[in-house]
Amino acid sequence: MESPFDVLLIDDDADEEEIEQAYRRRVKEAHPDQGGSVEEFKTVRAAYERVKAGYQGSAEVSEADFEDDPEPEQHTISSEVTYLNYDVLSDFGWETDDEDLFEKAAAADLAEVDYGQFRVQPDEFLLEAAEDRGFAWPFACRGGACANCAILLLGGELSMPVSHVLPAELMEQGFRLSCNAMPITDELQVVYNVKHMPELDDLLLPPQPFERTYPNR
Ligand code: FES
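No experiment lies behind these values; they were computed from the predicted model shown.

### Comments concerning the overall build of the protein
For the protein, the count of helices and strands is 8 helices and 7 strands. Taken across its 217 residues, the protein has 31% of its residues classed as buried. Taking contacts inside the protein between residues at least 6 apart in sequence as the whole, the part at least 24 apart equals 68%.

### Quick notes on helix α3 (residues 38-52)
Counted at 1.5 Å a residue, the expected span for α3 with its 15 residues is 21 Å, and the 21 Å between its end C-alpha atoms agrees. Regarding α3, the residues found buried are V38, F41, K42, T43, V44, A47, Y48, R50 and V51. Each element contacted by the buried residues of α3 is listed here: α1 (4-8) and α2 (16-30). Note on α3: the residue one or two positions beyond its end, G54, has a positive phi of about 95 degrees.

### A look at unusual backbone geometry
Phi at D109 is positive, roughly 55 degrees, even though this residue is not glycine. Looking at the secondary structure, you find D109 in the loop between α5 (101-107) and β2 (115-120). Here D109 falls in the exposed class, since 7 other C-beta atoms lie within 10 Å of it. In this structure, R142 takes a positive phi of about 60 degrees despite not being glycine. Turning to its location among the elements, R142 is positioned in the loop between α6 (126-132) and β3 (150-155). Residue classification places R142 among the partly exposed positions, given that 18 C-beta atoms sit within 10 Å.

### A look at the nonpolar core
One finds L8, L126, L127, I151, L158 and V190 to be the most contacted residues of the largest nonpolar core, which totals 47 residues. Top contributing element to this core by residue count: α3, with 6 residues. Residues lining this core come from more than one domain, with at least three contributed by each of domain 1 (4-66) and domain 2 (79-213). Leave out the neighbours within four places in its chain, and I151 touches L126, R176, S178, V190, V191, Y192 and V194.

### Remarks on α2
In this model α2 runs 21 Å from its N-terminal to its C-terminal C-alpha over 15 residues, within 8% of the 21 Å that 1.5 Å per residue would give. Listing the buried residues of α2 in full gives A22, Y23, R26 and A30. Angular distribution of buried residues about the axis of α2 spans 105 degrees; they occupy a single face of the element. Residues of α2 that are exposed and point more than 90 degrees away from the buried face comprise E17 and R24. In the core, the buried residues of α2 are packed alongside α1 and α3.

### What to know about the environment of R133
On the secondary structure map, R133 appears in the loop between α6 and β3. Here the alpha-carbon distance between R133 and F118, two residues 15 residues apart in the chain, equals 7.7 Å.

### Examining the sheet that holds β3
Strand order across the open sheet formed by 5 strands is β2-β1-β7-β3-β5, with mixed pairing between neighbours. Strands at the two margins of the open sheet, each flanked by one partner only, are β2 and β5 (175-177). Direction aside, neighbouring strands of the sheet carry axes that sit 35 degrees apart on average. Sheet analysis places strand β1 (residues 79-85) next to β2, joined by 6 bridges and oriented antiparallel. Residue pairing for β2: T82 is matched across the bridge by Q117.

Reading guide: rules and limits
Residues numbered from 1 in each chain as written. Predicted model: local features only at pLDDT ≥ 70, side-chain atom pairs only at ≥ 80, totals over all residues. Helix = DSSP H or I, 4+ residues; strand = E, 2+ residues; numbered from the N terminus. Buried ≥ 20, exposed ≤ 12 C-beta atoms within 10 Å, placed from the backbone. Contact = placed C-beta atoms within 7 Å. Expected span 1.5 Å × (residues − 1). Core = buried A, V, L, I, M, F, W, Y, C linked by C-beta atoms within 7 Å. Domains from an automatic or database assignment. Arc of directions from axis to C-beta. Pairing = 2+ DSSP bridges. Axes fitted to C-alpha atoms, helices over the stretch in contact; angles between N-to-C directions.

As structure tokens, this is what we get:
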């Protein structure tokens, strides 16, 4: 058992900036796509939340902290996804970096296709889960080679086990590929249908597979 400060590799008198820097470094190291595991990733997140909440290191992170979580096997997290359609942001004058974006969406009486929740089951890809619930989220290659299926992750984290085209700076900004992403946190907030964001222009493929699947959209 380690104290959260030990998990983050910081002293117990670390200031806020040191905590943030340590968290960013440790959460990358612990990420399943970077050689870590879901268990390690969750331990780092839990430690960060404890430290941020003002936890002073007298207690320790223990197994009991995770007893409500599913078995920590890689890519087996069941997650509640709250989704928002990028297309509606311009209608309301919202931006993806609005801090209260999802609160505003929840209060806006949007259609189910544009805003809502669904659960992703263990070992399900996000796009696959959306389709299984009847949603027509965009895609093209379904193999990590384009950005047609891109989502912007605003809460939680996803693992992308297959090699993909997204450069590190787009990953840092929160872009993920829904065809190739599995949740590793219990909750997610995602803006889907972001393929027309200018950051992704160079990574788009012609969307014929999507148009064949959904000819009336
Ligand atoms: Fe091409 Fe997902 S559809 S990467």
